[in-house]
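Structure at a glance
As a plain string of letters, each chain reads:
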Amino acid sequence: AQDTMPPQHPQVQGLQLRRDWRTRLNQVGQLIKLGSQGRAATMLEEMEKTGAPRVQTIPAWVALAASLDDHQTVADLCEEGLALNPRSPRLLRSYAMALMALDRLDEADGALGRLLAGSPNKTNVVIQAVDLWREGGHPERGLALCASVRAAADGAPVLRPSRAACLFRLERVEEAVAAV
């Protein structure tokens, strides 16, 4: 008699596929970190050919494009991903960073506004936004955001390190030291 496995219930098969995709997405992330972008792209293409939902693979494609400093592709992929998952904080952050790199600052500001509007932890998102502006080469915008939040939140002492970092980046060292 031949040993055969009974057919699995479709829900069990679906769970196994999702676990497999998550594992493979983690592997793609590791390949990107190791600088194997070609292998990562091939793996993503194979996943999509075998049925991985695009909504799950887009963040990995975004990470791949970002690792290649292809800001336009990052922005395009984020737009596609946000059409499928409009509240994705990860995609909104990536979108804002790509728009900053493309010098589309008002659009980046809009993406950060969407991120803030969709977050239950407003303070954390404001800190992230300030840091993104600073790291994106626009510390004056981060400083302006700090000023607007400080006015609305009675000084917002939690913003002091981010505010100081923006001031330092603007070479306003004495103010930076005083801000901390």
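1. Some words on the confidence of the model for the protein chain
Interpretation of the predicted coordinates at a detailed level should be avoided for regions scoring low in pLDDT. Per-residue pLDDT for the protein chain has a mean of 88; in total, 86% of the residues score no lower than 70. Across the protein chain, the element-wise mean pLDDT spans from 79 in helix α1 (residues 10-33) up to 98 in helix α4 (residues 71-84).

2. Points about the pattern of salt bridges
Per the stated rule, a full pass over the model turns up eight salt bridges. Of the charged contacts in the structure, one is a salt bridge between arginine 54 and glutamate 80, with a shortest N-O distance of 2.7 Å. Here glutamate 80 lies in helix α4 and arginine 54 lies in helix α3 (residues 54-67), a separation of 26 residues in the sequence. In this structure arginine 54 comes out as partly exposed when scored by relative accessible area, which is 29%. You can call glutamate 80 partly exposed: its relative accessible area is 33%. Aspartate 106 serves as the salt-bridge partner of arginine 141, at 3.5 Å between the closest nitrogen and oxygen. Here aspartate 106 lies in helix α6 (residues 105-117) and arginine 141 lies in helix α8 (residues 139-152), a separation of 35 residues in the sequence.

About the thresholds
- Residues numbered from 1 in each chain as written.
- Predicted model: local features only at pLDDT ≥ 70, side-chain atom pairs only at ≥ 80, totals over all residues.
- Heavy atoms only, no water.
- pLDDT = per-residue confidence, 0-100.
- Helix = DSSP H or I, 4+ residues; strand = E, 2+ residues; numbered from the N terminus.
- Salt bridge = Lys/Arg side-chain N within 4 Å of Asp/Glu carboxyl O.
- Buried < 20%, exposed > 50% of the residue type's maximum accessible area, 1.4 Å probe, protein only.

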